[in-house]
Amino acid sequence: MPSWLPRAMVLALALYACFRLGSWAFDQLIGLLINVLIAFFLALAIEPAVSRMSARGIRRGFATFLVFLAVLIAGVGFVVLLGSMLAGQIADMVEEFPKYLDSVINWVNQTFRTDLSRVEIQDSVLHSDWLQKYVQNSATGVLDISTTVLGGLFRLLTIFLFSFYFAADGPRLRRALCSVLPPARQAEVLRAWEIAVDKTGGYLYSRGLMALISGVAHYVLLVILGVPYAPALAVWVGLVSQFIPTIGTYLAGALPMLIAFTVDPWYAVWVLGFVVIYQQFENYALQPKLTSKTVDIHPAVAFGSVIAGTALMGAVGALIAIPAVATLQAFLGAYVKRYDVTDDPRVHGQSRRRGEPLLSRLRRAWRVPEEDGNGRSADAGDREDPERP
């Protein structure tokens, strides 16, 4: 056995053990890392407001507290307003539900020649096996739901805590990061930080603009249908559909459908159809255009980055994919050497033979050359002696 083989085997086993330990640690800390990433982008989003307040003499920590307090007050006020509205509508729906059920049963009896009654349907539903199983599963799942809610609140508190420290101690964090880098690298890091702040702000601006457009469109529909609380519902649809990725559209459309159902059940179908159609228009036409204007990336790149972010990190990846890709593109653009483009018609999607018709070119390409007596084609002889008449 060579003398180096035992040492090589020990080194290989040590490297494998370190790899397994790193994989285990990454799997255990992936939730914390995602929370820190969300907090970092949230801190970048509020950085302009905090910097303006700090430039006017307000301490940076207190300025960050004021920004978070304003966001918290606006969010709590909006939730309380919608909660009171929703509670009243649910109470009205419960009172009117027997009438809706009677109308449906009468329509079924008249259409299909049946003899159904509401009392028989209620008894069959209350004594069904699936309802009893559902109640039992719901009772056993109360603890799981409570644990999920508490976990979500703890995660939200963790995100806000990290984002507060990132925003309040932003200059100290940048100094600590630059202190371990040479001067040339320090300039690059500061430039990347500035680009990230600009792109994140542009992304939030585009989301806010899309929320405004979505709210106005749904407000017009709700007013036409005569659905109550149309302004509050329009604000709900605009904010939830834009700032909650993946499931935000479905959460936003469920509440207007519920309120519209209390007015007329068919109105809920109209609201559902409008939500689906508008979502397709927003995904394929509105969002790529606005994102390309505010974040300065191509619409196809924006659409692809959202899909890739969703595949990698789920809802969080869909939320931060566009500002992350825009920051990376702007930062790497300074290191890509560019040249002047040649003046060629093909650059503009045109052919070099613009004067010759397409049919003439096809005939010339497929024409069989005629041979002369020496076995040469006439075209070849013309090419050899261009002065010959």
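Here the structure is a predicted model, which means the values were calculated and not measured. Residue positions are given per chain, counted from 1 along the sequence in the order it is written. With pLDDT at 70 or above as the cut-off, local features in this predicted model cover only qualifying residues; side-chain atom pairs require 80 or more to be listed or tallied, and sums for whole chains, interfaces and linings still use all residues. Computation of side-chain values covers all heavy atoms of the structure but excludes hydrogens and water.

Caption draft 1: Representation of the nonpolar core in the model. Formed by 19 residues in total, the largest nonpolar core has its most connected members in Ile38, Leu44, Ile46, Val50 and Val316. Numbering of helices and strands starts at the N terminus; helices are DSSP runs of H or I of at least 4 residues and strands are runs of E of at least 2. For this core, the elements supplying multiple residues, two or more each, are helix H1 (4–55), helix H2 (60–112), helix H5 (142–168), helix H7 (183–225) and helix H12 (315–332). Core analysis: the next-biggest nonpolar cluster, separate from the first, contains 14 residues, Leu82, Leu222, Leu225 and Leu233 among them. As used here, the term nonpolar core means buried Ala, Val, Leu, Ile, Met, Phe, Trp, Tyr and Cys residues forming a set that is joined through side-chain atoms within 4.5 Å. We call a residue buried when its accessible area falls under 20% of the maximum for its residue type, exposed when it is over 50%, and partly exposed in between, using a 1.4 Å probe and counting protein chains only.

Caption draft 2: Geometry of the confidence of the model for the protein. Per residue, pLDDT captures the predictor's confidence, and it can take any value from 0 to 100. Of all residues in the protein, 78% have pLDDT values of 70 or greater, and the mean over the chain is 77. Per-element averaging of pLDDT across the protein places helix H14 (residues 378–384) at the bottom with 47 and H1 at the top with 89. Whether two residues are in contact is decided by their heavy atoms, any of which lying within 4.5 Å being enough. In this model, residues 377–389 is a region of pLDDT below 50 whose contacts with residues beyond four sequence positions or in other chains number 9 contacts.

Caption draft 3: View of helix H6 (residues 170–178). Here H6 has its buried residues at Gly170, Arg174 and Cys178. Projected down its long axis, H6 shows its buried positions confined to an angular sector of 65°, all on one face. Facing away from the buried surface of H6 by more than 90 degrees, the exposed residues are Arg172 and Arg175. The reported arc concerns the directions from the helix axis to the C-beta atoms and nothing else.

Caption draft 4: Quick peek at the pattern of salt bridges. Any carboxyl oxygen of Asp or Glu that lies within 4 Å of a side-chain nitrogen of Lys or Arg is treated as forming a salt bridge with it. With the rule as written, the count across this model stands at 3 salt bridges. Here Glu47 ties to Arg174 by a salt bridge, and the two come within 4.0 Å at their closest N and O atoms. Of this pair, Glu47 sits in helix H1 while Arg174 sits in helix H6, and the two are 127 residues apart along the sequence. The exposure classification of Glu47 matches that of Arg174, with both residues buried. For Arg185, the salt bridge is made with Glu188, and the minimal N-O distance between the two is 3.1 Å. Here Arg185 pairs with Glu188, and both are found in helix H7, just 3 residues apart, close to one helical turn. Here Glu188 falls in the partly exposed class, since its relative accessible area comes to 22%. Here the residues in one salt-bridge network are Glu47, Arg60 and Arg174, joined through shared partners.

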